[in-house]
Amino acid sequence: METINVRTREHAQLIDITREIQELLSKSNMTTGILTVFVPHTTAGITINESADPSVARDILAVLDRLVPWREPYYQHMEGNTASHVKASLVGSSVRVIVEDGGMKLGTWQGIFLCEFDGPRTRKVYMAFQSN
Ligand code: ZN
């Protein structure tokens with residue numbers, strides 16, 4: 001297993017970590033199989049979406065903010081960051097990518113994003129590989 005540490009800068013932020021993941025993949029002996037990328041946090045997640053136009057990531061954050069307001073009278077979690085937990089569950093904590101000849105089979109416009117919902121913090125991203 002490999003670990004990437006990602007320092008986030010904003011309270012909510014999507015950070016493209018595709019290059020870091022590919023670099024670790026290239027240094028390893030992983031050639032063909034399945035890569036699982038997992039975030040061990042309850043207020044951060046991981047998703048695959050468009051990396052070509054950065055406004056897509058901003059729009060995703062804006063939509064999540066409208067869906068899950070920061071304050072609601074019925075929230076019970078005492079820490080006060082219920083919205084961050086809900087958003088983390090909505091995007092999920094892992095993605096799986098097909099790896100062939102040492103490269104990830106991502107679409108032309110796809111990137112892998114760490115989704116920070118309660119930053120800034122340092123987040124861990126775990127990578128595990130299963131060969132075919
Ligand atoms: Zn909490």
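Being a predicted model, the structure only gives us computed values, none of them experimental. (Residues numbered from 1 in each chain as written. Predicted model: local features only at pLDDT ≥ 70, side-chain atom pairs only at ≥ 80, totals over all residues. Heavy atoms only, no water.)

## Overview of the pattern of salt bridges
Part 1 of the reasoning: Taken as a whole and judged by the stated rule, the model has five salt bridges.
Part 2 of the reasoning: Among the ionic pairs, Glu23 bridges to Arg19, the shortest N-O distance being 3.8 Å. Here Arg19 and Glu23 lie together in helix 1 (residues 18-27), a separation of four residues that amounts to about one turn.
Part 3 of the reasoning: Classification of Glu23 as partly exposed rests on a relative accessible area of 43%.
Part 4 of the reasoning: Ionic pairing is found between Arg121 and Asp118, a salt bridge with its closest N-O pair at 2.9 Å. (Salt bridge = Lys/Arg side-chain N within 4 Å of Asp/Glu carboxyl O. Helix = DSSP H or I, 4+ residues; strand = E, 2+ residues; numbered from the N terminus. Buried < 20%, exposed > 50% of the residue type's maximum accessible area, 1.4 Å probe, protein only.)

## Details of the environment of His85
Part 1 of the reasoning: Structurally, His85 can be placed in helix 3 (residues 82-91).
Part 2 of the reasoning: For the pair His85 and Asn49, spaced 36 residues apart in sequence, the C-alpha separation works out to 20 Å.
Part 3 of the reasoning: His85 has contacts with Thr42, Thr43, His77 and Glu79, leaving out every residue within four places of it along the chain. (Contact = heavy atoms within 4.5 Å.)

## With respect to the packing of aromatic side chains
Part 1 of the reasoning: Here the structure, examined in full by the defined rule, presents one aromatic pair.
Part 2 of the reasoning: Aromatic pair Tyr74 and Tyr75: ring centres 5.4 Å apart, planes at 80 degrees, arrangement edge-to-face.
Part 3 of the reasoning: For Tyr75, a relative accessible area of 22% corresponds to the partly exposed category. (Phe/Tyr/Trp six-rings, centres within 6.5 Å; stacked < 30°, edge-to-face > 60°.)

## Notes on the side chain of Thr82
Part 1 of the reasoning: With respect to the helices, strands and loops of the structure, Thr82 is situated in helix 3.
Part 2 of the reasoning: Setting aside anything within four residues of it in sequence, one finds Thr82 in contact with Tyr75 and His77.

## Observations regarding the sheet that holds strand 3 (residues 33-38)
Part 1 of the reasoning: Pairing in this open sheet of five strands is antiparallel, and the strands run 1-8-3-5-6 from one edge to the other. Of all the strands in the sheet, just strand 1 (2-7) and strand 6 (103-104) have a single pairing partner and so form its edges.
Part 2 of the reasoning: Bridge count between strand 3 and strand 5 (residues 94-100): six bridges; the pairing is antiparallel. Bridging across to strand 5, Thr36 finds its partner in Arg96. (Pairing = 2+ DSSP bridges.)

## Structural notes on the nonpolar core
Part 1 of the reasoning: The biggest cluster of nonpolar side chains holds 21 residues, and the ones touching the most others in it are Ile17, Ile21, Leu35, Ile46, Met104, Ile112 and Val125.
Part 2 of the reasoning: Looking at this core, the elements that each hand over two or more residues are strand 1, helix 1, strand 3, strand 4 (44-50), strand 5, strand 7 (110-116) and strand 8 (122-131).
Part 3 of the reasoning: Within the second largest apolar cluster, eight residues are counted, among which are Leu64, Ala88, Phe113 and Cys115. (Core = buried A, V, L, I, M, F, W, Y, C linked by side-chain atoms within 4.5 Å.)

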